[in-house]
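Listed below, chain by chain, are the residues.
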Amino acid sequence: MMRNLCMTVTYDGTAYYGFQVQPGGNTIQDHLEDAIRALTGETVKITGSGRTDAGVHARRQIFNFPTASQIPIERWCIALNSRLPLDIVVIDALEVPADFHSRYAAKKKTYRYTVNANQFPDVFNRRLQYHHHAKLDTAAMEEGLRHFIGTYDFTSFASRKSQKENHVRSVYEAWMEVDRSMCRDHPRDQGVIHIYVSGNGFLQHMVRIIVGTLLEIGEGKRKASEVPNMIAACNRSAAGPTAVSCGLMLWDLEYKKD
């Protein structure tokens, strides 16, 4: 009898070409499917709650897959982790109804982008942060970030390679947190800035372009008040650059209660 298993995986995406299978291989999905095959002998195709770009990380990514294996649900995490690279860890597993789909059932996704705004990079967290070389006006960045909340056509903030026919997305929440715990007693250190964006879905590079635009606002190259015009332009050239992938993390997902 087939079972539908749902699992939560966390990973450091530095060494991988994103979550979803690519022609060149070496994706998170490739490694998960290889581990399942090594464990059960089955060749399965997992369904992810979304895709992440090369070099992007996940604190909480959801996937599901069908299996005929009768391995007890409580043994799956340890069994898979013993067959996965050390930077990919399955942290939860449960059996779900046959019609559960990890992408379609997700009602909210949250990404976090981390900017190290101290004078020097953090050698221990450098794979998870973007180190910014100059001081930033964080108040202006927060003002600009608020303009993204709402339902808009985000063509200006999508990769030119986006193949989506519809670029309308809803951003429910967007906020910033500044962690000064690693600052030295030096006027140049501004702390580590975490930028959170939560919505019903995101276009390719959307969060990274939002962050790239916010960084230009923080540098004084753009004004926060210009963001609505950037959105309305529906033209990629109206927005800022795409921030590097290492600072981005799929932070959380929220599912329908049923």
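Computed from a predicted structure; not experimentally measured. (Residues numbered from 1 in each chain as written. Predicted model: local features only at pLDDT ≥ 70, side-chain atom pairs only at ≥ 80, totals over all residues. Heavy atoms only, no water.)

Participant: Is there a simple way to explain the overall build of the protein in this structure?
Facilitator: Regarding its fold elements, the protein presents five helices and ten strands. Its C-alpha radius of gyration of 20 Å places the protein within 12% of the 18 Å reference for a compact globule of 258 residues. For the protein, the spread of C-alpha atoms along the principal axes amounts to about 60 × 45 × 35 Å. Buried residues in the protein amount to 50% of all 258 residues. Counted over contacts in the protein with a minimum sequence separation of 6, partners at least 24 positions apart contribute 74%. When the 31 positive and 28 negative side-chain charges of the protein are each reduced to one mean point, those points stand 3 Å apart. (Helix = DSSP H or I, 4+ residues; strand = E, 2+ residues; numbered from the N terminus. Rg over C-alpha atoms; globule rule 2.2 N^0.38 Å. Buried < 20%, exposed > 50% of the residue type's maximum accessible area, 1.4 Å probe, protein only. Contact = heavy atoms within 4.5 Å. Lys, Arg positive; Asp, Glu negative; His and termini not counted. Charge placed at Lys NZ, Arg CZ, Asp CG, Glu CD.)

Participant: What's the story with the environment of G25 in this structure? I'm lost.
Facilitator: Inspection of the secondary structure puts G25 in the loop between β1 (3–11) and α1 (28–40). Excluding residues within four positions of it along the chain, G25 makes contact with Y17 and D30.

Participant: When you look at unusual backbone geometry in this model, what are you seeing that I'm missing?
Facilitator: In terms of backbone geometry, most residues other than glycine have negative phi values and most peptide bonds are trans. Positive phi is not limited to glycine here, since N26 has a value of about 55°. When you line up the elements, N26 lands in the loop between β1 and α1.

Participant: Would you mind going over the packing of aromatic side chains with me for this structure?
Facilitator: Two numbers describe a pair of aromatic rings. These are the distance of the centres and the angle of the planes. Enumeration over the complete set of coordinates arrives at ten aromatic pairs. Aromatic pair F154 and F157: ring centres 6.4 Å apart, planes at 75°, arrangement edge-to-face. For F157, a relative accessible area of 0% translates into the label buried. Ring geometry for Y196 against W251: centres 5.9 Å apart, planes inclined by 75°, an arrangement best described as edge-to-face. In this pair, Y196 is assigned in strand β9 (residues 192–199) and W251 in strand β10 (residues 248–255), connecting sequence segments 55 residues apart. Owing to a relative accessible area of 6%, Y196 belongs among the buried residues under this scheme. Here the basic side chain of R59 rests over the ring of W251, its NZ or CZ set 4.3 Å away from the ring centre. (Phe/Tyr/Trp six-rings, centres within 6.5 Å; stacked < 30°, edge-to-face > 60°. Lys NZ or Arg CZ within 6 Å of the ring centre and 35° of its normal.)

Participant: Sorry if this is basic, but what is going on with α1 here?
Facilitator: Note on helix geometry: an α-helix contains 3.6 residues per turn, so any two residues three or four positions apart are oriented the same way. Over its 13 residues, α1 runs 18 Å from end to end, which matches the ideal 18 Å to within 8%, given 1.5 Å per residue. Every buried residue of α1 is listed here: I28, Q29, D30, L32, E33, A35, I36 and L39. Looking at the packing, one finds that the buried side of α1 touches β1, β3 (57–67), α2 (76–81) and β4 (88–96). Trailing α1 by a residue or two, G41 shows a phi angle of about 85°, which is positive. (Expected span 1.5 Å × (residues − 1).)

Participant: Quick question: what am I supposed to make of helix α3 (residues 138–146) here?
Facilitator: Those residues of α3 lying buried are A140, M141, G144 and L145. All buried residues of α3 project into a common sector of 140° when viewed along the axis, lining one side. At the N-terminal end of α3, a side-chain oxygen is found 3.3 Å from the backbone nitrogen of A139, two or three residues along, and the residue is D137. (Arc of directions from axis to C-beta. Polar contact = N/O pair within 3.5 Å; in protein donor to acceptor, adjacent residues only side chain to side chain.)

Participant: Even after reading the chapter, I still don't get the pairing of strand β8 (residues 168–179), so can you show me in this structure?
Facilitator: The two faces of a sheet get side chains in turn, since along a regular strand they alternate between them. Taken together, the four bridges between strand β7 (residues 150–153) and β8 define a ladder with antiparallel strand orientation. Residue T151 lies in a different strand from β8, and its bridge partner there is S170. Where β8 meets β9, eight bridges bridge the pair, whose relative direction is antiparallel. The residue bridging V171 from the neighbouring strand is G199, located in β9. (Pairing = 2+ DSSP bridges.)

Participant: Mind showing me how you'd approach the UniProt feature "binding site: substrate" (unreviewed entry) in the protein here?
Facilitator: As annotated in UniProt, the feature "binding site: substrate" (unreviewed entry) corresponds to Y111 in the numbering used here. Here Y111 lies in strand β5 (residues 106–116). When near neighbours in sequence (up to four residues on either side) are disregarded, Y111 contacts R51, T52, I195, Y196, V197, F202, V207, L248, M249, L250 and W251. (UniProt positions renumbered as here; feature names shortened; annotations may be inferred.)

Participant: Would you take a moment to explain the packing of α3 against helix α4 (residues 206–218) for this structure?
Facilitator: Direction vectors running N to C along α3 and α4 enclose 140°, while the axes themselves pass 8 Å from each other. Taken together, the axes of α3 and α4 are oblique relative to one another. Remark: the crossing between α3 and α4 carries right-handed chirality. Across the interface between the two elements, A140, M141, G144 and L145 from α3 touch I210, L214, L215, I217 and G218 from α4. Looking at the contact of α3 with α4 residue by residue, the class counts come to seven nonpolar, two polar and no charged. (Axes fitted to C-alpha atoms, helices over the stretch in contact; angles between N-to-C directions. Parallel < 35°, antiparallel > 145°, perpendicular 65-115°, else oblique. Left-handed = near helix turned anticlockwise from the far one by under 90°. Nonpolar A, V, L, I, M, F, W, Y, C, P; charged D, E, K, R; others polar.)

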